[in-house]
Amino acid sequence: MGRKKLLAMLLGVTLAAGSLAGCGGGGAKDTPAPAQETKEDEAAVQTKEDEPEQKAAAEKEEITLWHYYTTVNGENFEKMVEAYNNLPEGRVHVTVELIPRAELLKKYTLGIATGDLPEIAIVDNPDAASLTAAGMFEEVTELLNGWEGNSFVSGPLESGQYEGKQYTLPFRSNCLGLFVNEEHLEAAGVEKVPETWDELLSACEKLKGMGTSSYPFAMSAVKSEEGVFHFMPFFQSTGATVNEADSEGGIKAFEMIARLASEGYMSNECINWTQNDVEKQFAAGNASMMINGSWQISNILADAPELEYSIAYIPKDKESVSSLGGENIGITKSAENVEACWDFVSWMLSRENNVPFNVAGAAISPRADVTPEEQYPEDEKMRVFVELFEMAKPRGPHPKWTEISGAYQEGIQAVLVGSKTPEEAAAAVAGKVAEINASVE
Amino acid sequence: MMKRRNEKKMTNSKREILIGLCFVLPGLIYMLVMIGYPIAYNLFMSFQDVSVFNIGAGEEKPWIGLENYRKIFANETMLPALKNTFLYTVVCLAVQFSVGLLLALLFHRDFALAKPLRGFLVVSWMMPVTVTALLFKYMLSPDVGIINTVLVKTGLLREPVGWLLGEKTAIWGPIMANSWIGIPFNMLLLSTGLSGIPQDVYESAAVDGANAWQRFTRITLPLLGPAIMSVLVLGFVNTFKVFDLIFVMTGGGPVNATEVLSTFAYKQSFQYYYFGQGAAVANVLMAILLAVALLYLWLIRKEEMG
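The rules behind each value
Residues numbered from 1 in each chain as written. Chains lettered and ligands numbered in written order. Predicted model: local features only at pLDDT ≥ 70, side-chain atom pairs only at ≥ 80, totals over all residues. Heavy atoms only, no water. Helix = DSSP H or I, 4+ residues; strand = E, 2+ residues; numbered from the N terminus. Buried < 20%, exposed > 50% of the residue type's maximum accessible area, 1.4 Å probe, protein only. Contact = heavy atoms within 4.5 Å. Areas by Shrake-Rupley, 256 points an atom, 1.4 Å probe, with all protein chains shown as cover. Rg over C-alpha atoms; globule rule 2.2 N^0.38 Å. Phe/Tyr/Trp six-rings, centres within 6.5 Å; stacked < 30°, edge-to-face > 60°. Lys NZ or Arg CZ within 6 Å of the ring centre and 35° of its normal. pLDDT = per-residue confidence, 0-100. Axes fitted to C-alpha atoms, helices over the stretch in contact; angles between N-to-C directions. Parallel < 35°, antiparallel > 145°, perpendicular 65-115°, else oblique. Left-handed = near helix turned anticlockwise from the far one by under 90°. Patch = residues over 30% accessible without salt bridge, like charges linked within 9 Å, V, L, I, M, F, W, Y side chains within 5 Å. Salt bridge = Lys/Arg side-chain N within 4 Å of Asp/Glu carboxyl O. Nonpolar A, V, L, I, M, F, W, Y, C, P; charged D, E, K, R; others polar. Core = buried A, V, L, I, M, F, W, Y, C linked by side-chain atoms within 4.5 Å. Polar contact = N/O pair within 3.5 Å; in protein donor to acceptor, adjacent residues only side chain to side chain. Buried area = accessible area lost by both parts, 1.4 Å probe. Lys, Arg positive; Asp, Glu negative; His and termini not counted. Charge placed at Lys NZ, Arg CZ, Asp CG, Glu CD.

Draft legend 1. Broad picture of the overall build of chain A. Looking only at helices and strands, chain A features 19 helices and 11 strands. Every one of the 441 residues in chain A was classed for burial, and the buried ones make up 58%. In chain A, of all internal contacts separated by at least 6 residues, the share reaching a separation of at least 24 is 75%. Carbon together with sulfur atoms contributes 50% to the accessible area of chain A, which is approximately 18,000 Å² in total.

Written out as structure tokens, the structure is:
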């Protein structure tokens, strides 16, 4: 009887624990997962190698690369890597693995903990500093300085630095701009595209006066990095820096977005809208203006090919700024031969390879030796983005950027739902950021 | 003679134990490796200081005792998360169970189309949670959502409510969605329980003059007891560890209004890289589930003995 009881107890306990372990919500409970995923990945790699393969690959060092590019970018990226693999003088043979965006950061983090990393990694640029701080990347300062192709725009380049040294390099860049439905503006009697906050507010008022079901303005304020990305152009336009949310400018920025929401200029639902949701609203004509990134041009073309719109600078308080997005490429600590890997990385970053890849995906090459006209000779919209790119500020770099971003996410949402005044929200954010900075010491 | 017989008996039972072990061991070893190890590792990690600066494989992870637990309870997200998790679980369970029981009783009566209808209801249980989450997100929209339109048109609401947009109302969005998901699960398990109750008990009760309500409270409910118990416990465990539904519908927002223990643990670990603290939150979650599981075992034992 006693033993039976014990057995039943044990079974019950493990059952409860087992169902919990399946939830994936916890920390290290996920550790067995990568092993399984790797197996799947290997299967994927196998099919890839069935494709026409060059003989030289056998002598080259085999390395792996993880990325999250899909659709057009994904195809172009893989073609690009294949072109390198086919070079007789290439020093490595690169196998590409596509990992869903939502999974990639988690896989890198687990990879750092377990040592299971690819040799080359593509990372979202605000994440670069924290992954570098975690010891994921090899330093490439000297290799970069010794490379004749070393010419990058400073903002993106800084996003790959940590403690004054270069670890990752900008590979693909984009930034935010103002998308304007000119037909709506014209109908509402707005004569020129708003350039300042005041002009934005009065344009919104006129658009709202139209009495249509559409909102004058849209941006993403979702509780993730995307919301912070869209807020930063307002915030940084006041001259405020991330460490001083409660400065005069910082408070003003919180006031501005609170006003856009409370006056009914933008839908309250923006707190649940991702950047793609915002694009859908704009494409459907439900928003007359939106903040969004250059890559949305291709999405709008797919969703609403007839839509007439233009790209403008984001309305400013003090100075015109934009927010920098895009990915960095880096060589990880798993690389046995860093110089051989650099051969591949520098090839990917060279002007003749990097610019066409960026242009094909409505992005901007982070290289400094190419002008807007050279990148986009005929595309008016993209040329504005190239100009915006030059005023784009990186988020961070900061080893605890995700945490800072979390503080801002809460602040943004608090003023939008009205649970905090702009002053209170700004003070709360500043307090948290100060704490985070203190913990880095 | 006596002694030899005893010996023989001994070897017999030894062999039985051995055979028994052969049956139990594979499962036990699997559980220890695949479930026991991660749990132990997680427990271990919750006492260590693991952050972005030392998550690397070979790096030192200092032992800091209960510091992670102190920190998570000092975190302003922890209390809302605990409150939300319990509110969510209790309301979902109440709705799922009561509606599930009503439906089970309804479908227990044999009427035309009972079986296909019952099968049809299970669709909501089989739909991937992320799909349900997205559907509800759109249905709850104040501008275009059908739920608000219906409520306003029928006069139940004066104007549309931004369910997911207010700190007070947001948690009710996932609650609605999950109740809808869970009803068929409850219905199915309770139906099975109902069909296990012998019909002649009802017949003799009817002969003795018991009315429908008496038959329900005196026969159905008591005999359904074990089924009810397991539905509630399974439901609790399933509901308490909600993650995907919340993550897709609100991401924990607005502000912290829909943050639950599992999303909080996930963010601490994979967004902020505080693995120790993430592990601590996960352990709190597990401790609560363990308590519920033990309560269940205790109740079952009491019943068996009683």
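Picking up after the structure, the text goes on.
Draft legend 2. Spotlight on the overall build of chain B. Regarding its fold elements, chain B presents 13 helices and 0 strands. Mapped in sequence order, the helices and strands of chain B form the string α-α-α-α-α-α-α-α-α-α-α-α-α. The C-alpha atoms of chain B give 25 Å as radius of gyration, which overshoots the globular expectation for 306 residues (19 Å, by more than 25%). For chain B, the spread of C-alpha atoms along the principal axes amounts to about 85 × 70 × 30 Å.

Draft legend 3. Quick look at the packing of aromatic side chains. Overall, the coordinates contain 38 aromatic pairs over all chains when judged by the stated rule. Here the aromatic rings of B:Phe86 and B:Phe240 are separated by 5.1 Å at their centres, their planes lie at 70 degrees, and the arrangement is edge-to-face. Taken together, the residues B:Phe86 in helix α3 (residues 78–108) and B:Phe240 in helix α10 (residues 212–240) connect sequence positions 154 residues apart. For B:Phe86, a relative accessible area of 34% gives the class partly exposed. With centroids separated by 5.9 Å and ring planes inclined at 40 degrees, the aromatic side chains of B:Trp213 and B:Phe216 adopt a geometry described as tilted. Remark: B:Phe216 and B:Trp213 occur in helix α10; sequence separation between them is 3 residues, near one turn of the helix. Residue classification places B:Trp213 among the exposed positions, given a relative accessible area of 59%. When the ring centre of A:Trp66 is taken as reference, the NZ or CZ atom of A:Lys107 above it lies at 4.8 Å. Directly above the ring of A:Phe152 sits A:Arg367, whose terminal nitrogen or CZ lies 5.4 Å from the centroid.

Draft legend 4. Main features of the side chain of B:Gln96. Residues and elements named next belong to chain B. In this fold, Gln96 is placed in helix α3. Residue Gln96 is classed as buried on the basis of its relative accessible area, which comes to 3%. Beyond its immediate stretch of four places on either side in the chain, Gln96 contacts Asn178, Ser179, Gly182, Ile183, Asn186 and Thr239.

Draft legend 5. Quick look at the confidence of the model for chain A. Residue and element names in this part refer to chain A. Residues with a pLDDT of 70 or more make up 87% of chain A, whose mean pLDDT is 87. Model confidence for chain A, summarised as mean pLDDT per element, is weakest for helix α2 (residues 33–49) at 42 and strongest for strand β9 (residues 310–312) at 97. A low-confidence stretch, residues 10–57 (pLDDT under 50), is modelled with 59 contacts involving residues beyond four sequence positions or located in other chains.

Draft legend 6. Quick look at the packing of helix α11 (residues 248–262) of chain A against helix α19 (residues 422–440) of chain A. Residues and elements named next belong to chain A. Running from N to C, α11 and α19 point in directions that differ by 130 degrees, and their axes come no closer than 9 Å. In terms of their interaxial angle, α11 and α19 are classed as oblique. As α11 packs across α19, the resulting crossing turns out to be right-handed. Packed against α11, whose contacting residues are Ile251, Phe254, Glu255 and Ala258, the element α19 presents Pro422, Glu423, Ala426 and Val429 at the interface.

Draft legend 7. Looking closely at a nonpolar patch on the surface. Residues and elements named next belong to chain B. Nonpolar side chains collect at one region of the surface, where Ile17, Ile19, Leu21, Phe23, Val24, Leu25, Leu28, Ile29, Tyr30, Leu32, Val33 and Met34 lie side by side and expose about 1,100 Å² of accessible area between them. In this fold, Leu32 is placed in helix α1 (residues 2–45). Residue classification places Leu32 among the exposed positions, given a relative accessible area of 55%.

Draft legend 8. Structural view of the packing of helix α14 (residues 338–349) of chain A against helix α15 (residues 351–360) of chain A. Residues and elements named next belong to chain A. Running from N to C, α14 and α15 cross one another at 55 degrees; their axes reach a closest spacing of 5 Å. It follows from the interaxial angle that α14 and α15 lie oblique. Taking contact as the criterion, the partners of Trp347, Met348 and Leu349 in α14 are, on α15, Arg351, Asn353 and Asn354. Residues that form the contact of α14 with α15 fall into these classes: 3 nonpolar, 2 polar and 1 charged.

Draft legend 9. View of the nonpolar core. Counting 83 residues, the largest nonpolar core has A:Phe217, A:Phe234, A:Leu260, A:Met289, A:Tyr408 and A:Leu416 as its most contacted members. Top element by residues in this core is α11(A). It accounts for 8 residues.

Draft legend 10. Quick peek at the side chain of B:Asn84. Looking at where B:Asn84 falls in the secondary structure, it is placed in helix α3. There is a polar contact of 3.0 Å between the side chain of B:Asn84 and the backbone oxygen of B:Ala257.

Draft legend 11. Spatial organisation of the interface of chain A and chain B. Taken residue by residue, the interface counts 55 residues in chain A and 56 residues in chain B. Of the roughly 4,700 Å² buried where chain A meets chain B, counting both sides, 65% is carbon and sulfur surface. Where chain A touches chain B, the interface holds 2 salt bridges. In this structure, A:Lys223 and B:Glu259 form a salt bridge, with 2.7 Å as the shortest nitrogen-oxygen distance. Counting across the interface, chain A meets chain B through 11 residue pairs in polar contact (both at pLDDT 80 or more).

Draft legend 12. Quick peek at the pattern of salt bridges. Summed over the entire model, instances satisfying the criterion amount to 18 salt bridges over all chains. Residues A:Glu279 and A:Lys280 are paired through a salt bridge, measuring 3.2 Å at the closest nitrogen-oxygen approach. The exposure class assigned to A:Lys280 is partly exposed, which follows from its relative accessible area of 45%. Across the pair B:Glu67 and B:Arg70 runs a salt bridge whose closest N-O atoms are separated by 3.0 Å. Here B:Glu67 and its partner B:Arg70 are both found in helix α2 (residues 67–74), 3 residues apart, which amounts to about one turn of the helix. Overall, the relative accessible area of 27% leaves B:Glu67 in the partly exposed class. Because the salt bridges share partners, they merge into one network encompassing A:Lys223, B:Glu259 and B:Lys267.

Draft legend 13. Geometry of unusual backbone geometry. Between A:Gly396 and the following residue, A:Pro397, the backbone shows a cis peptide bond with an omega angle of 0 degrees. Mapped onto the elements of the fold, A:Pro397 is located in the loop between β11 (392–393) and α18 (401–417). Backbone torsion omega between B:Gly253 and B:Pro254 reads -10 degrees, so that peptide bond is classified as cis. Among the structural elements, B:Pro254 can be located in the loop between α11 (244–249) and α12 (261–271). Residue A:Thr71 is not a glycine yet carries a positive backbone phi of 45 degrees. With respect to the helices and strands, A:Thr71 occurs in helix α3 (residues 71–85). A positive phi angle is found at A:Glu163, which is not glycine, with a value near 50 degrees. In this structure A:Glu163 comes out as exposed when scored by relative accessible area, which is 66%.

Draft legend 14. Structural view of a negative patch on the surface. Negative charge collects at one region of the surface, where A:Glu182, A:Glu183, A:Glu186, A:Glu306 and A:Glu308 lie side by side. Taking relative accessible area as the criterion, A:Glu306 reaches 72% and is therefore assigned exposed.

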